[in-house]
Structures are given as structure tokens and as C-alpha cells.
Amino acid sequence: MATRRLREGLPHPIGASWDGKGVNFALFSANATKVELCLFDASGATETDQITLPEYTDQIFHGWVEGVTPGTPYGYRVHGPYAPKEGHRFNPNKLLLDPYARAHTGELVWDPACYGYTIGHADEDLSFDERDSAKFMPKCVVVDPDFDWQGEPNRHPVPWDRTVFYETHVKGFTQLHPAVPEALRGTYAGLGQAEVIKHIKDLGVTSVELLPIHSFINDAHLLENKLTNYWGYNTIGFFAPDPRYAADRANSLREFKEMVHRFHDAGLEVILDVVYNHTAEGNERGATLSFKGIDNASYYRLMPDEPRYYINDTGTGNTVNLSHPRVIQMVTDSLRYWVSETHVDGFRFDLGTILAREPNGFDNQSGFLKACSQDPLLSSVKLVAEPWDCGPGGYQVGGFPPGWAEWNDKYRDETREFWKAGVGAATMASRMSASADLFNRQGRRPWACVNFVTAHDGFTLNDWASYDGKHNEANNEDNKDGSSDNHSWNCGVEGDTDDPEINELRARQIRNMLATLLLSQGTPMLLAGDEFGRTQGGNNNA
């Protein structure tokens, strides 16, 4: 291993910060006893250095290492008690991703070594696994944040009362696009192509809402079934753009910034769908990839009387602990990073109720919401909540504080029902008036109500008019996944048909829905592809 000059460095900023001569590494852990920095060769395959961070200040382990440059892969090994019954799962045999890493390289290879316990052991997750996980793990990458934004002369935030959202997916929108060069399809660079941007701009939308682009993990059970986590709601890195969406993976951050720059040049905003409610590490039987091995008891909500187990208000196995000040700091640091360093224009928060949960339940004056409202940078961008989760009291449409907008699923369901004669005009009068019964309080404006009739989860608009029931057989879950409550009508025939009268009726129903959406008060959101009749063959969970 190489000999490098090591200094105490600083406890801030958290993460890996290059200064031109070396890198300051800083990692939060309230309960660890030692942190080892592991550096790797350019391929990420061979560990070249293992350096104990020399200082510990205010629960931050830190050190400055000479000669480390942008592009260097790294990870951590964190020592501490392995006491699952007390909420601690430290295991230095596991290489861990830095929660503040600005880039990742490589992909996770699922192997029993990625778990802190020994799978199949009689003691289950109470056992301790001694296998090294490094060769199976993706690695963090030191980055050079420099980027010439050229002043962004065309960047003008769109006023809320003129905003029209357009929800899409980086890969899905460009993977088959004939005007995108084949090598760029499915990438940030592909989405930034002039022909793609022109199509979006010509629709009249103002703000492109991207499904999650934070670095995420494909669950083992999906890969075993030859499936993938297409949407990306399984984050493992809140500061890193997923490298799988980069044409040039070694420069994924720069490529993402270039895409944002091109959207801004066209006068379009970029909104990120973000997942701060849970991570990809699952429950007590999940893998040890990052947060669980760095400080499980701080990062996650654990059962108060049995901290071996996780509170599962998300339905994914764990819940991020937004009551902890350092976790609030991580999330707000992440948000500020994406605004200040990549110039995005706002965020849509998946399962947003989680972010406002305190130990006693949902609180619209929670620490996180207060942190956002007082922050001069975050309060200047668009903040949109998905106002529900699966925990107690999780449905909170209309319950967020002033300054926030919210998805309104009541609008979706009742508009669908109206056009299949399920509800009357009196019901629609409220929905078309920005759902004042839900949102008209504390000076909230009509724009706080985000209206939509379709979104990434559920039927496309074409499928809403073509199927009475879901057809999710391709997902290999016996058609049990996805909602069965779709408020849809097939107009007389299930699925595709050559009957011209039925096809004309379906086309009219689609126009009815779009006209209603665009003429209603509130902020409209369109689902990409609905403008040209995209179908998923009746699959409402694809």
C-alpha cells in the first residue's frame, strides 16, 4: 500500500472534498469507535490504501489525505458494537458507501457477503458475518465539482401559477427515441438532445419532473426474476446521480449538469423526484451497504422497545429517521447540493408524509418541514409532497404547511369517476376549483393543489380508457401487484380492438380527461407519453 501524508483535516463539509492537493474525508457516526478509509485503484477492484481517520469532532470522523485526486474510488469500513438487540450493526468486514458521495462507480453484485449477518445461521440477523464484501460493492468516487454554467442567461424560474409539470423517466423517454443517437439512448445526454427538448417544449409544459435519478439498487428478488427496479425508488446515494443513466459513466455528474443546462437554455425547469423516506438496505434481514453499518441507530427509526427491528411506515422494510438532527442535516444538505451545484429547480418528495413524521406521528410543523421553510435556498424552489405513506395517519392530502404543493389523488380518482359517470358535477366542481375544501387555508394558493389523472404508477391514460382491470402478469407476481382500484372503463372491450366506434369513444374519453385537467384550477401534471397514446398493455405497475 502507498504511503500518503495524513493530517487531521476538518469535520466539515461532510463527505469527500478535493482542494487541489488532497481530499478531506468526513463521516458522521454517533456510535462508531473507528472509521477506516479504503482507497481503490481506478477500476475499483483493488484496494490500494486503508487509512484510519485520525480525528473525531462533534460525532464526525475526519482526516485529510494528500495526493487523492478526482476519479479516485473509495469506501469506508466502520468499527463499533455489533449488538442488533441494541440497534447497532457495525461490521468492519463490510465496505460501506459514503452517504455524502457525489458519484458512484460499479454495480452491486448480490452475494451473501453483502450482509452483516450470516444468511441461514440459526441466530439469523443476530449472527456476525466475517466475509469481506468489497469486491461485490459499488464504490464512491471523489469528484471535481467545477462546471461552467456560463451564467445561465436563460434560467428564469417559472411562476407557480404558470407551471405545468411533465413527469418522465430518463431512460424510458429516450431508449427507443429515433432522433437520439443509439449510444446516448437512455442517458442524461440523450434526454438533453435538441429533438427531445423540442418535443417537450412544444407541448407547452414548463417543468420536467424526472423519476428518481439518485443512485439506487436493484433488489435481489427482482434480478432473480429477471426484472429490474425501473422506477428507481430504492435509493442508496442521496448526492450521486445514478451512473447507469450516464453515457460517460466516469463523468456522470458532469453529464447530468450538462442536461440541466440544456433544459434551462430552452426555458424548461428540472424537478427531481426524491426518495428520502427509506433506503435500499431493507429491514433487519437486509444488506449492510451504507447507513446500516455507519450508524444504524441514528439513521433509521427503530422499534422503541425492540431496536433490533425497524419501523416500517414506508412498506419497504425501513424508515429514515428524520427526527435525528444529523439525518435532517443530511437530507437538507442533499437538497441544497442539487440546487446549488446542479441547478435543479425543485423536488417532488416520494411518500412525503414520512418527512413530517415525529415519534408521535405526522406533524406539519416537524423539524424537517421547519428546516425547509426557513432555508433561504430551499424556500426559493418548488417543493411538492406526495402526501401519504402506509403508516398510521399517513394520508395527509391538504395537510402540508404553506409554501408546499401536494399531489392530489382525490382529483385523479374523482375525475376518472366523473368521466365514467361514477360521480356527479357537484363533486367535480370542488376538484376543478383547486380542491378548495382541502387546500384553501392559511393563505395557500390554488397552485398548492397538483392535479393529475395519471402518473408513473397506475394506468397510462390510453390504458385507463382500454382496460377495466390490471394485467400485470409480466411482473411475475400472479397479477397481485399494483392497485385493483383504477376507476377505469374499457368502453366495451378489454384491451386492443379494431372496432372503430369503441376506438373513437376511447379517444374522446382521453380528450375529455386532458381538457378537464388543463382547464381545472391548480397546477396540472401530465404523464409523458399520454400525449401520443402510450400503452403498457394494461400493466399498472410497470
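This text goes with the structure placed above it.
Note that the structure is predicted; figures quoted are calculated from it, not measured. (Residues numbered from 1 in each chain as written. Predicted model: local features only at pLDDT ≥ 70, side-chain atom pairs only at ≥ 80, totals over all residues. Heavy atoms only, no water.)

Novice: Go over the overall build of the protein, please, and point to the residues and values.
Specialist: Per the secondary structure count, the protein includes 13 helices and 24 strands. Its C-alpha atoms give the protein a radius of gyration of 24 Å, near enough to 24 Å, the size a compact globule of 542 residues would have. Seen through its C-alpha atoms, the protein measures out along the principal axes to roughly 75 × 55 × 50 Å. Every one of the 542 residues in the protein was classed for burial, and the buried ones make up 57%. Sequence separation of at least 24 residues holds for 71% of the intrachain contacts in the protein that already meet a minimum separation of 6. Of the roughly 21,400 Å² of accessible surface on the protein, a fraction of 50% belongs to carbon and sulfur atoms. For the protein, the distance from the average site of its 49 positive side-chain charges to the average site of its 75 negative ones is 2 Å. (Helix = DSSP H or I, 4+ residues; strand = E, 2+ residues; numbered from the N terminus. Rg over C-alpha atoms; globule rule 2.2 N^0.38 Å. Buried < 20%, exposed > 50% of the residue type's maximum accessible area, 1.4 Å probe, protein only. Contact = heavy atoms within 4.5 Å. Areas by Shrake-Rupley, 256 points an atom, 1.4 Å probe, with all protein chains shown as cover. Lys, Arg positive; Asp, Glu negative; His and termini not counted. Charge placed at Lys NZ, Arg CZ, Asp CG, Glu CD.)

Novice: Report on the pairing of strand β16 (residues 235-241), specifying residues and quantitative values.
Specialist: With seven of seven residues buried, β16 is to be regarded as a mostly interior element. Relative to β16, strand β15 (residues 214-216) runs antiparallel, the two sharing three bridges. Residue Ser 215 lies in a different strand from β16, and its bridge partner there is Gly 237. (Pairing = 2+ DSSP bridges.)

Novice: Account for the packing of aromatic side chains, with residues named and values stated.
Specialist: Under the counting rule described, the total for this entry stands at 33 aromatic pairs. On the numbers, 5.9 Å between centres and 80° between planes, the contact of Tyr 74 with Tyr 76 is edge-to-face. The exposure class of Tyr 74 is buried, given its relative accessible area of 1%. On the basis of relative accessible area, Tyr 76 is assigned to the buried category, the value being 0%. Just above the ring of Tyr 337 sits the side chain of Arg 102; from NZ or CZ to the centre is 4.6 Å. In this structure, Arg 244 is placed above the aromatic ring of Phe 216, and the distance from its NZ or CZ to the ring centre is 4.2 Å. (Phe/Tyr/Trp six-rings, centres within 6.5 Å; stacked < 30°, edge-to-face > 60°. Lys NZ or Arg CZ within 6 Å of the ring centre and 35° of its normal.)

Novice: For the state of the cysteines, give the residues involved together with the corresponding values.
Specialist: Per the counting criterion, the structure on display carries zero disulfides. We note that Cys 140 lacks a disulfide partner, and the nearest cysteine sulfur, in Cys 38, lies 11 Å from it. (Disulfide = S-S within 2.5 Å.)

Novice: Give me the lowdown on the pattern of salt bridges, citing residues and values where you can.
Specialist: Within the structure shown, the criterion is met by 30 salt bridges. Lys 94 is paired through a salt bridge with Asp 129; the nearest N and O atoms lie 2.7 Å apart. Pair noted here: Lys 94 is in the loop between β10 (88-89) and β11 (104-105) and Asp 129 is in the loop between β11 and β12 (139-141), with a separation of 35 residues, a long-range link. The exposure class assigned to Lys 94 is buried, which follows from its relative accessible area of 0%. Ionic pairing is found between Arg 285 and Glu 124, a salt bridge with its closest N-O pair at 2.9 Å. You can see Arg 285 sitting in the loop between β17 (269-274) and α6 (291-299) and its partner Glu 124 sitting in the loop between β11 and β12, a full 161 residues away along the chain. For Arg 285, a relative accessible area of 43% corresponds to the partly exposed category. Exposure remark for Glu 124: the relative accessible area of 33% places this residue in the partly exposed category. The structure contains a network of salt bridges with shared partners spanning Arg 89, Glu 124, Asp 125, Arg 285 and Arg 308. (Salt bridge = Lys/Arg side-chain N within 4 Å of Asp/Glu carboxyl O.)

Novice: An account of the packing of helix α9 (residues 409-418) against helix α13 (residues 500-519) is requested, with residue identities and associated values reported.
Specialist: Two numbers describe how α9 lies on α13: the axes approach to 11 Å, and their chain directions differ by 140°. Classed by the angle they form, the pair α9 and α13 counts as oblique. Once α9 is placed against α13, the crossing between them reads as right-handed. Touching Tyr 411, Thr 415 and Arg 416 of α9 are Met 513, Thr 516 and Leu 517, all from α13. In terms of residue class, the contact of α9 with α13 is made up of three nonpolar, two polar and one charged. (Axes fitted to C-alpha atoms, helices over the stretch in contact; angles between N-to-C directions. Parallel < 35°, antiparallel > 145°, perpendicular 65-115°, else oblique. Left-handed = near helix turned anticlockwise from the far one by under 90°. Nonpolar A, V, L, I, M, F, W, Y, C, P; charged D, E, K, R; others polar.)

Novice: How would you summarise the sheet that holds strand β8 (residues 73-79) if you had to cite specific residues and measurements?
Specialist: What the five strands build is an open sheet, ordered β5-β4-β8-β12-β11; its pairing is antiparallel. Each edge of the open sheet is held by one strand with a lone partner, namely β5 (47-52) and β11. In the sheet, strand β4 (residues 34-40) pairs with β8 via six bridges, with the strands oriented antiparallel. Residue pairing in the sheet places Leu 39 in a bridge with Tyr 74 of β8.

Novice: Can you tell me about the nonpolar core, naming the residues and giving the values?
Specialist: Across soluble globular proteins, you tend to see nonpolar side chains buried next to one another. Within the largest apolar cluster, 122 residues are counted, with the highest numbers of intra-cluster contacts made by Phe 25, Tyr 74, Leu 272, Phe 347, Phe 349 and Phe 368. Counting residues per element, this core draws most heavily on helix α7 (residues 325-340), at eight residues. Non-local contacts of Tyr 74, meaning those with residues more than four positions away in its chain, are made with Ala 16, Phe 25, Leu 37, Cys 38, Leu 39, Phe 40, Asp 98, Ala 101, Lys 139, Cys 140, Val 141 and Val 142. Listed in part, the 19 residues of the second largest apolar core include Trp 160, Leu 351, Val 397 and Phe 452. (Core = buried A, V, L, I, M, F, W, Y, C linked by side-chain atoms within 4.5 Å.)

Novice: Outline the side chain of His 278, supporting the account with residue identities and numerical values.
Specialist: Within the element layout of this structure, His 278 appears in the loop between β17 and α6. A residue is classified by how much of its surface remains accessible, and His 278, at 2% relative accessible area, is buried. Polar side-chain contacts of His 278 include one of 3.2 Å to the backbone oxygen of Tyr 233. Within polar-contact distance, the side chain of His 278 engages the side chain of Asn 277 at 2.6 Å. (Polar contact = N/O pair within 3.5 Å; in protein donor to acceptor, adjacent residues only side chain to side chain.)

Novice: Describe in detail the pairing of strand β7 (residues 60-66), supporting the description with residues and values.
Specialist: Burial analysis of β7 places six of its seven residues in the buried class, the great majority of the element. Where strand β1 (residues 6-7) meets β7, two bridges bridge the pair, whose relative direction is antiparallel. Within β7, the position partnered with Leu 6 by the bridge is Val 65. Where strand β6 (residues 55-57) lies against β7, three bridges are found, and the strand directions are antiparallel. Across the sheet, Glu 55 pairs through a bridge with His 62, a residue of β7. Where β6 hands over to β7, the hairpin turn is made up of two residues, of which Asp 58 adopts a positive phi near 50°.

All quantities given are derived from atomic positions and should not be read as evidence of function.
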